[in-house]
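Commentary on secondary and tertiary structure
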Amino acid sequence: MTIARIAVYGVALALVTFLIWRWNRGAQRRRFVRAFPAGRDAGWSDADAPFLAVFERAFALKAGWAARVPPSVSPMAVYLALYPEHCIYDDNELARLQRALAARLGKALPKDPLALPLGELAARWRAAPERNRHDEPRDPVPD
């Protein structure tokens, strides 16, 4: 096998991988839009903006999309809206959110934060002890 052939196979593999990733992200965004219609939910206040920004980074949502989700919905419900029943599940989004919550809340982190409503998590985020607070976190959701 020549080096040129190996290079062509490598490029083709990278292209196909990128196309599959792009198709999957597009499908997830369409499912999100279907589950949570456009427009900011009235339950969110301006004080919740830092929490919503972290939620958007954890779930790789477009800017402002987290405010579409009602505060009564849990992170797990959002996750299940993104992944249909026949998908192979991963927990990247949930793990990133849980790491950000653990960094912010410390020992005040509830036992199962992914089952709590987003509104309650946002309230706990705002009420976090001063030692854990970061108004502008450097990278609260590391990949």
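Refer to the preceding data block for the structure.
In short, a report on the structure.

Parameters and conventions
Residues numbered from 1 in each chain as written. Predicted model: local features only at pLDDT ≥ 70, side-chain atom pairs only at ≥ 80, totals over all residues. Heavy atoms only, no water. Helix = DSSP H or I, 4+ residues; strand = E, 2+ residues; numbered from the N terminus. Buried < 20%, exposed > 50% of the residue type's maximum accessible area, 1.4 Å probe, protein only. Contact = heavy atoms within 4.5 Å. Areas by Shrake-Rupley, 256 points an atom, 1.4 Å probe, with all protein chains shown as cover. Axes fitted to C-alpha atoms, helices over the stretch in contact; angles between N-to-C directions. Left-handed = near helix turned anticlockwise from the far one by under 90°. Nonpolar A, V, L, I, M, F, W, Y, C, P; charged D, E, K, R; others polar. Phe/Tyr/Trp six-rings, centres within 6.5 Å; stacked < 30°, edge-to-face > 60°.

What about the overall build of the protein?
Across its full length, the protein holds five helices and zero strands. Counted from the first residue to the last, the protein has its helices and strands arranged as α-α-α-α-α. Counting the 143 residues in the protein, one finds 36% classified as buried. Long-range contacts, defined as pairs at least 24 residues apart, comprise 66% of the intrachain contacts of the protein with a sequence gap of at least 6. Carbon and sulfur atoms form 60% of the exposed surface of the protein, whose accessible area is close to 8,900 Å².

Topic: unusual backbone geometry
A positive phi angle, near 55°, is found at A60, a position not held by glycine. Following the sequence through the fold, A60 ends up in the loop between α2 (49-59) and α3 (75-82).

Observations concerning the packing of α2 against helix α4 (residues 92-105)
Running from N to C, α2 and α4 point in directions that differ by 145°, and their axes come no closer than 8 Å. The handedness of the crossing between α2 and α4 is right-handed. Counting all contacts with α2, which are made through F51, V54, F55, R57, A58 and F59, the residues of α4 involved are E93, L94, R96, L97, A100 and L101. Considered class by class, the residues forming the contact of α2 with α4 number nine nonpolar, no polar and three charged.

Points about the packing of aromatic side chains
All chains considered together, the criterion is met by six aromatic pairs. Consider the rings of F32 and F36, whose centres lie 5.0 Å apart with planes at 50°: the pair is tilted. On the accessibility criterion, F32 (0% relative accessible area) is buried. On the basis of relative accessibility, which here comes to 7%, the residue F36 falls in the buried class. Ring geometry for F32 versus W65: centroids 5.4 Å apart, planes at 0°, classification stacked. With a gap of 33 residues between them, F32 in helix α1 (residues 3-35) and W65 in the loop between α2 and α3 connect regions that are remote in the sequence.

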